[in-house]
There are 2 protein chains.
Amino acid sequence: MKAWTLAARPKGTPVDGDFALVERDLPALNEGEVRIVNRWLSVDPYMRGRMNDTKSYVPPFQLGEPMQGGAIGEVVESRADGIAVGTMVSHMAGWRDEAVLPAAHVQPLPDLGVDPQAYLGQFGMPGMTAYYGLLQVAEAKPGDTVFVSAAAGAVGSTVVQIAKAKGMTVIGSAGGAEKCDWVRSLGADAVIDYKSGQSVVDALGEAAPDGIDVYFDNVGGDHLDAALAHAKPNARFAICGMIDVYNDAKPTSLTYLARLIGNRVRIQGFIVSDFKDQPGFYRDMAGMLKDGQLKREETVFEGLDRTPEAFLALFTGGNKGKMLVKL
Amino acid sequence: MKAWTLAARPKGTPVDGDFALVERDLPALNEGEVRIVNRWLSVDPYMRGRMNDTKSYVPPFQLGEPMQGGAIGEVVESRADGIAVGTMVSHMAGWRDEAVLPAAHVQPLPDLGVDPQAYLGQFGMPGMTAYYGLLQVAEAKPGDTVFVSAAAGAVGSTVVQIAKAKGMTVIGSAGGAEKCDWVRSLGADAVIDYKSGQSVVDALGEAAPDGIDVYFDNVGGDHLDAALAHAKPNARFAICGMIDVYNDAKPTSLTYLARLIGNRVRIQGFIVSDFKDQPGFYRDMAGMLKDGQLKREETVFEGLDRTPEAFLALFTGGNKGKMLVKL
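Owing to the predicted nature of the structure, the values given are computational and were not obtained by experimental measurement.

Below, the discussion takes up the overall build of chain A. Within chain A one finds nine helices and 16 strands. Its C-alpha atoms give chain A a radius of gyration of 20 Å, near enough to 20 Å, the size a compact globule of 327 residues would have. Principal axes of the C-alpha set define a box for chain A whose edges measure 60 × 45 × 35 Å. Burial status across chain A gives 56% buried among its 327 residues. Within chain A, residue pairs in contact and separated by at least 24 positions form 67% of the contacts whose partners lie at least 6 positions apart. By element, 49% of the accessible surface of chain A is carried by carbon and sulfur atoms, the whole surface being about 13,200 Å². Chain A carries 32 positive and 40 negative side-chain charges, and their two centres are separated by 3 Å.

Laid out in structure tokens, this is it:
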């Protein structure tokens, strides 16, 4: 099998030399294991954190070892009861073309009538992040005004659509006219182009003159500060990511932080894996899909060779919707 | 009556000229009103916000009008049923020596066997802030490790004592050896002297090597950042105040903010008045007092003339315990 390893721990923005493609022999199957040929790989902003040698909610990638990440593959050999050859499965042995895994580490794809790669996006980790972050962490309700940053990304674009399907007013931010048009086409009531030159705090004030009830944060920095400036009383912020500081470990400067006191704002960090065993997600998302309330967009890089390139493009705004690598 | 008015809106730290002592005639009593001679006035950090002309959870002080604030006084004339002359009451017509108020705006003091001025401190707004902030907003539980900033202040010193009475480990911060010794005498397990030259983040790391479950914030800034750096998974922060930015509206720079994601930290701003009608506070505090678990300390300025001086000393670390003006 071929796999991408971390050759060096990135300093700031990763560079090509931080990654190395290696070949490894895979072992024969033990009882209870399956052999998988990967068809789709996921690259996600959170992976940047695993490239640092620091304790976090997921352990750091080990230097010289294949990296991990979401992947969809086909079972080509099986010694596991109940997983037949030909089954499409999702698993975490990404960044490679083939894997041998115990059956407990793979999930056969549910039959919801969507393409397999959707289980890396709206019907996978990014979708669950959007769904549970918006509805459970932020407790967003019909009638709420919701601000979501990085609204053209895999998570943000799903937040926009779930919020609209649930009867909320939605303001999204994205970088550049093309992405902003796309976010608007998803149903957003207003879109802020953070590359327009206008400050996010001013733009949000115009888009939400009565303030916001919910902020779904994928960015941090000036977006979080703008949300603090325009938070209504009892606003809830679900903090999903801060791509602003993933590569560049600079301090975050917040001018409007103290407003959280008078407005009783709640800021809650969360990790989607805390929610993964909860019911409702697939049923609710399948219903929205059937009702035409979910549009899917993917940015696809072809070939294992291009995996680092796809990953790096996440940080330069290179994707609309879910960033994927097709093998 | 004599009253302190706001003569000018302060720019940054207030100066003497921002305040003016005026004389006003008080009207004869209408039905349902009482005349009060004030005995004790409260000065509190939150009043700084009311000196700005900005919308907040309490309206701004009006220029040229007597300011408001907590006060304890004696009823000297009454046309209100059920409030006899001689009754000691608490009310919000502070910064003055005398007031005429409708009975609905005054609360006769409960009979808990404490000095009247205690109802401006541990048995009043600062005590309720400590109690509800710690136990309800931060959901602090026996066994938790609690970090509280400005632990020598009226609120912070009460947080320390409630937390110890409830079986928590407590780390307080205060400025200078004398205050730190006092906080330690209240039962704190460790005390950080933020004037020592050591960074708060390093000092907290030494005081709480396993991290903190709860942070009770009266300061903001470097204290909040240190709490983020050392938060355990599922830590809860109750944000009561940010004296760091009340006079100097500088941005807050947070190096460790993104850690709130992986650690699922909850940051909740709160206002004590949201809790004022809840039961339990007086009963629980009276029990702690009886059990010898509450020590009270006051810093007292004598005379209405010195009210602005007492207020300004809050921002230079001039008080141990509750800052009061005795008339």
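Pairing between the strands of a sheet comes from backbone hydrogen bonds, and it takes one of two forms, parallel or antiparallel. In space, the twelve strands of this open sheet follow the order 10(A)-9(A)-8(A)-11(A)-12(A)-14(A)-14(B)-12(B)-11(B)-8(B)-9(B)-10(B), with mixed pairing throughout. Pairing within the sheet leaves two strands with one partner each, and these edge strands are strand 10 (190-193) of chain A together with strand 10 (190-193) of chain B. Between one strand axis and the next, the sheet turns by 15 degrees as a mean value, whatever way the strands run. In this fold helix 2 (residues 125-137) of chain A packs onto strand 8 (145-148), strand 11 (212-217), strand 12 (231-239) and strand 14 (266-269) of chain A, with an angle of close to 150 degrees to the strand it touches most, strand 11 of chain A. Strands in contact with helix 6 (residues 221-229) of chain A are strand 8, strand 9 (169-174), strand 11, strand 12 and strand 14 of chain A; relative to strand 12 of chain A, the strand with the most contacts, it is inclined by about 155 degrees.

Another point: helix 3 (residues 154-165) of chain B. Residues and elements named next belong to chain B. With twelve residues, helix 3 extends 17 Å from end C-alpha to end C-alpha; this agrees with the ideal 16 Å at 1.5 Å per step. The element helix 3 is largely enclosed, with a buried count of ten among its twelve residues. Phi turns positive one or two residues past the end of helix 3, at Gly167, with a value near 85 degrees.

For an interface, size is often stated in terms of accessible area lost upon the parts coming together. On the side of chain A, 28 residues touch chain B, which itself brings 28 residues to the contact. The contact between chain B and chain A buries some 2,300 Å² in all, and 63% of this surface belongs to carbon and sulfur atoms. Where chain B touches chain A, the interface holds two salt bridges. In this structure, Arg264 of chain A and Asp274 of chain B form a salt bridge, with 2.6 Å as the shortest nitrogen-oxygen distance. Summed over the shared surface of chain B and chain A, the result is nine residue pairs in polar contact (both at pLDDT 80 or more). For the side of chain B that touches chain A, the secondary structure elements donating two or more residues are strand 13 (252-254), helix 7 (259-262) and strand 14 (266-269) of chain B. In terms of residue count, the dominant contributor to the side of chain B that touches chain A is strand 14 of chain B (four residues).

Our focus in this paragraph is the domain arrangement of chain A. All names here are of chain A. Partitioning chain A into structural domains gives domain 1 (2-121 + 297-326) and domain 2 (125-273). Each partner contributes to the interface: domain 1 provides 20 residues, whereas domain 2 provides 14 residues. Counting each side, the surface lost to burial between domain 1 and domain 2 is near 1,400 Å², with a carbon and sulfur contribution of 59%. Here Lys320 ties to Glu178 by a salt bridge, and the two come within 3.2 Å at their closest N and O atoms. Taken together, domain 1 and domain 2 are joined by six residue pairs in polar contact (both at pLDDT 80 or more). Classifying every residue of the side of domain 1 that touches domain 2 gives eight nonpolar, seven polar and five charged.

On to the packing of aromatic side chains, then. All names here are of chain A. Per the stated rule, a full pass over the model turns up 28 aromatic pairs over all chains. Taking the centre distance of 6.5 Å and the plane angle of 75 degrees together, the rings of Phe270 and Phe275 count as edge-to-face. The two residues Phe270 and Phe275 agree in class, both being buried. One aromatic cluster is present, built from ring pairs that chain together Tyr131, Tyr132, Phe216, Phe270, Phe275, Phe281 and Tyr282.

In this section: the relation of the copies chain B and chain A. Of the transformation superimposing chain B on chain A, the axial component is 0.0 Å and the angular component is 180 degrees, with the fit at an RMSD of 0.0 Å. The superposition of one copy onto the other is thereby described by a two-fold rotation axis. Interface overlap between copies: 100% of the residues of chain B at the interface are likewise at the interface in chain A, consistent with a symmetric, same-surface contact.

Attention shifts here to the pattern of salt bridges. All names here are of chain B. This model, assessed by the stated rule, comprises 36 salt bridges over all chains. A salt bridge links Arg266 to Glu139, with the nearest nitrogen and oxygen atoms 2.9 Å apart. In this pair, Arg266 is assigned in strand 14 and Glu139 in the loop between helix 2 (125-137) and strand 8 (145-148), connecting sequence segments 127 residues apart. For Arg266, a relative accessible area of 17% corresponds to the buried category.

Next up on the list: the nonpolar core. Grouped together as the largest cluster of nonpolar side chains are 58 residues, with contacts concentrated most on Phe237 of chain A together with Phe237 of chain B. Counting residues in hydrophobic clusters, the runner-up holds 47 residues, among them Ile72, Val148, Ala238 and Leu324 of chain A.

Here we take up the confidence of the model for chain A. For chain A, per-residue confidence averages 95 on the pLDDT scale, and residues scoring 70 or more make up 99% of the total. Across the predicted assembly, pTM comes out at 0.93 and ipTM at 0.92.

Turning to the side chain of Ser149 of chain A, a few remarks are in order. Residue and element names in this part refer to chain A. Of note, Ser149 is situated in the loop between strand 8 and helix 3 (154-165). Accessibility expressed as a relative area gives 0% for Ser149, which makes it buried. Side-chain polar atoms of Ser149 contact the side chain of Asp217, separated by 3.4 Å. If near-sequence neighbours (up to four positions away) are discounted, Ser149 is found in contact with Gly156, Ser173, Tyr215, Phe216, Asp217, Asn218, Val219 and His223.

This brings us to the packing of helix 2 of chain A against helix 8 (residues 281-290) of chain A. Residues and elements named next belong to chain A. Remark: helix 2 packs on helix 8, axes separated minimally by 11 Å, with the N-to-C direction vectors making an angle of 95 degrees. For the element pair helix 2 / helix 8, the angle class is roughly perpendicular. Residues Gly127, Met128, Tyr131 and Tyr132 of helix 2 form the contact with helix 8, whose own contacting residues are Phe281, Tyr282, Asp284, Met285 and Met288. A class-by-class count of the residues in the contact of helix 2 with helix 8 yields seven nonpolar, one polar and one charged.

Residue and element names in this part refer to chain B. Structurally, Lys322 can be placed in strand 16 (residues 322-326). In the structure, Lys322 is positioned 279 residues away from Val43 in sequence and 8.7 Å away in space, judged by C-alpha atoms. Here Lys322 is in contact with Ser42, Val43, Asp44, Leu120, Gly121, Pro126, Ala154, Glu297, Glu298 and Thr299, once residues within four sequence places are set aside. Engagement of the side chain of Lys322 in a polar contact is seen with the backbone oxygen of Val43, the distance being 3.0 Å.

This brings us to the state of the cysteines. Where two cysteines share a covalent bond between their sulfur atoms, that bond is called a disulfide. Residues and elements named next belong to chain A. Going through the model one piece at a time under the given rule, you end up with zero disulfides over all chains. Looking at Cys180, it has no disulfide partner, and the nearest cysteine sulfur is the one in Cys240, 19 Å off. Under the relative-accessibility criterion, Cys180 is labelled buried at 4%.

About the thresholds
Residues numbered from 1 in each chain as written. Chains lettered and ligands numbered in written order. Predicted model: local features only at pLDDT ≥ 70, side-chain atom pairs only at ≥ 80, totals over all residues. Heavy atoms only, no water. Helix = DSSP H or I, 4+ residues; strand = E, 2+ residues; numbered from the N terminus. Rg over C-alpha atoms; globule rule 2.2 N^0.38 Å. Buried < 20%, exposed > 50% of the residue type's maximum accessible area, 1.4 Å probe, protein only. Contact = heavy atoms within 4.5 Å. Areas by Shrake-Rupley, 256 points an atom, 1.4 Å probe, with all protein chains shown as cover. Lys, Arg positive; Asp, Glu negative; His and termini not counted. Charge placed at Lys NZ, Arg CZ, Asp CG, Glu CD. Pairing = 2+ DSSP bridges. Axes fitted to C-alpha atoms, helices over the stretch in contact; angles between N-to-C directions. Expected span 1.5 Å × (residues − 1). Buried area = accessible area lost by both parts, 1.4 Å probe. Salt bridge = Lys/Arg side-chain N within 4 Å of Asp/Glu carboxyl O. Polar contact = N/O pair within 3.5 Å; in protein donor to acceptor, adjacent residues only side chain to side chain. Domains from an automatic or database assignment. Nonpolar A, V, L, I, M, F, W, Y, C, P; charged D, E, K, R; others polar. Phe/Tyr/Trp six-rings, centres within 6.5 Å; stacked < 30°, edge-to-face > 60°. Least-squares fit on C-alpha atoms with pLDDT ≥ 70 in both. Core = buried A, V, L, I, M, F, W, Y, C linked by side-chain atoms within 4.5 Å. pLDDT = per-residue confidence, 0-100. Parallel < 35°, antiparallel > 145°, perpendicular 65-115°, else oblique. Disulfide = S-S within 2.5 Å.

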